[in-house]
Amino acid sequence: MNCKEAKELLVPFLEGEFSGPQKEGLAAHIEACPSCREEKELLVRSWQMLDNYTPPKLKDGFTASLMRRARSEGAATEKTSRLPRLSFWLAPRRLLPAFASLLVIATAASLFWKKEAVPEKQPAPAAPAETVPAADSTAADSEIIENLDVYENAEMLKDLDFLSELDAVEKMNSQALSDR
Amino acid sequence: MDRMDFIDEDIELMLRFQSGDEACFERLAELHKDRVFNMACRFLGDYQEAEDTTQEVFLKIYRAKNIYRPQAKFTTWLYIICKNTCLKALDKKHPGTVSLDGIIELEEDAAPMQAADPSSPSPVDSMVDSEAASVIKAAIDSLPPSQRMAVILCRYERLSYEEAAAVMLCSVKAVKSMLHRARVGLKEKLAAYFKK
Ligand SMILES: [Zn+2]
């Protein structure tokens, strides 16, 4: 083993990744070679030195201020708790686009249907069909509108990366196992 | 108290919070705020950003009240949220240098967040109170984000390679490789300090 090879293996060696003849061969080279020995020392000392950097303390009152903010946010999004669990809707994330298109189709269809169904009694003095007042809406419309309101107010939906965090946790066990 | 007790306690607190006991969320924040703050501080290198990030991490957990399911260690989930929030904060500071999809996609040659030269202290160096600490901080700051995260998780948070891989959404092999390069990089930055 030459020095170039040995130096490249120093980190995995220090991390305990070798065993048997490979480990012994490397240990023997380090023992005999001042240059590799110094390199190894520097790696060990620099790694140990990291202990000397401790971040400052988080200031007192952090939790109290967090709780104030969480509660005020919680009060603002109180509506979301009317849904017993969003997970039925959130869990199959692949279905989100499909759900969204269904919603669009349903809304469009209901507007179209409404437009068709309104008898042409007067030549429309006011708004176009898109701005049908809520009072005229069917039960299905108001349900969709209400749900949209709830979804828009759901903070967790604003944080889409949050969903990936959940996904990641679900995948974690199997992934960790397969990497072993 | 062994490790299992911690796991059980965290998950139990989260479930009790889920059923309406806010004091349990408060307890979770108390238990883990330093862990989250230290990680954010080491990654972002800035006290105020780290504090904001810590608050954001716990607010995300608060918002997850209704969708949380206890399928993994609570701390793993916490680290994942913390990592993502840190990346978001870094991206805000240096737009385009990180991918928010997963740390493995981070640019290896992304610009370090500040000059690694400890002789030109920036305001964030007031965070540390000794020469050694400021040299180490500068060395860590100079690492590419992915290597920096690997060092934080494996060296400071003492996660196993498997746990770190789960947090970083990459393979164990990738974690090892990031860590190896980080060790070499840190050695090069810190060697001068020993040789003084
Ligand atoms: Zn040698």
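Within each chain, residues carry numbers counting from 1 in the order of the written sequence. Naming scheme: in the order in which they are written, chains are lettered from A and ligands are numbered from 1. It should be noted that, the model being predicted, local features are given only for residues of pLDDT at least 70 and side-chain atom pairs only at 80 or more, the latter also being counted only at that level, while totals for whole chains, interfaces and linings use all residues. Excluding hydrogens and water, the side-chain figures rest on all heavy atoms present in the structure.

Chemist: Residues and numbers for the coordination of the zinc ion, please.
Modeler: Each pair of donors in an ideal four-coordinate tetrahedral metal site encloses 109.5 degrees, whereas pairs in an ideal six-coordinate octahedral site enclose 90 or 180 degrees. Residue and element names in this part refer to chain A. For Na, K and Ca the donor cut-off is 3.2 Å, and for all other metals it is 2.8 Å, counting N, O and S atoms only; because water is absent from this set, sites may look incomplete. Coordination of the zinc ion by the protein is provided by Cys 3 (SG), His 29 (NE2), Cys 33 (SG) and Cys 36 (SG), with metal-donor distances spanning 2.1 to 2.3 Å. Note that the zinc ion binds 4 donor atoms; their angles at the metal cover 99 to 119°, and the shape is tetrahedral. Counting the intervening residues between successive donors of the zinc ion yields the motif C-x25-H-x3-C-x2-C. Linking Cys 3 in helix α1 (residues 3–14) with Cys 36 in helix α3 (residues 34–49), this pair joins segments that are 33 residues apart in sequence. A relative accessible area of 30% means that Cys 3 is categorised as partly exposed. Angular criteria define each label, namely tetrahedral for four donors with all angles between 85 and 135 degrees, square planar for four and octahedral for six donors with opposite donors over 155 degrees apart and remaining angles between 65 and 115, and irregular for whatever fails these tests. Strands are runs of DSSP state E lasting at least two residues, helices are runs of H or I lasting at least four, and both sets are numbered from the N terminus onward. For every residue, the accessible area obtained with a 1.4 Å probe (protein chains only) is divided by the maximum for its type, and the residue is called buried under 20%, exposed over 50%, and partly exposed between those limits.

Chemist: Describe the packing of aromatic side chains, naming the residues involved and giving the relevant values.
Modeler: By convention, a stacked pair of Phe, Tyr or Trp rings (six-membered ring in the case of Trp) has centres within 6.5 Å and planes under 30 degrees apart, an edge-to-face pair has planes over 60 apart, and any other such pair is tilted. Under the criterion given, the structure shown has 7 aromatic pairs over all chains. Centre to centre, the rings of Phe 62 of chain A and Phe 58 of chain B are 6.5 Å apart; their planes meet at 65°, and the pair counts as edge-to-face. Taken together, the residues span two chains, with Phe 62 of chain A in helix α4 (residues 62–76) and Phe 58 of chain B in helix α3 (residues 47–63). Each of the two residues, Phe 62 of chain A as well as Phe 58 of chain B, counts as buried.

Chemist: Tell me what's going on with the packing of α3 of chain B against helix α4 (residues 74–93) of chain B, and back it up with residues and numbers.
Modeler: All names here are of chain B. Think of each axis as a best-fit line through the C-alpha atoms, taken over the contacting stretch in the case of a helix, with angles from 0 to 180 degrees between the N-to-C directions. For the pair α3 and α4, the least separation of the axes is 9 Å and the interaxial angle reads 130°. Taken together, the axes of α3 and α4 lie oblique to each other. As α3 runs across α4, the sense of the crossing is right-handed. Contacts from Glu 49, Thr 53, Glu 56, Val 57, Phe 58, Lys 60 and Ile 61 in α3 reach Phe 74, Trp 77, Leu 78, Ile 81, Cys 82, Thr 85, Cys 86, Ala 89 and Lys 93 in α4. Of the residues belonging to the contact of α3 with α4, the class tally is 10 nonpolar, 2 polar and 4 charged. Angular relationships are summarised with four words: roughly parallel below 35 degrees, roughly antiparallel beyond 145, roughly perpendicular across 65 to 115, and oblique for the angles in between. Crossings are sorted by hand: turned counterclockwise from the far helix by less than a right angle, the near helix makes the crossing left-handed, and turned clockwise it makes it right-handed. Throughout, a contact is declared for two residues whenever any of their heavy atoms are within 4.5 Å. Gly is placed with the polar residues, together with every amino acid not listed as nonpolar (Ala, Val, Leu, Ile, Met, Phe, Trp, Tyr, Cys and Pro) or charged (Asp, Glu, Lys and Arg).

Chemist: Go over the confidence of the model for chain B with me, naming the residues and quoting the values.
Modeler: All names here are of chain B. For every residue, the predictor states its confidence as a pLDDT score lying anywhere from 0 to 100. Predicted confidence across chain B gives a mean pLDDT of 84, with 79% of residues reaching 70 or more. Contacts from residues 1–6, a stretch scored under 50 in pLDDT, to residues over four places away or in other chains number 4 contacts. Taken as a whole, residues 114–125 scores under 50 in pLDDT and shows 13 contacts with residues more than four places along the chain or in a different chain. For this predicted complex, the interface confidence comes out at an ipTM of 0.81, alongside a pTM of 0.68.

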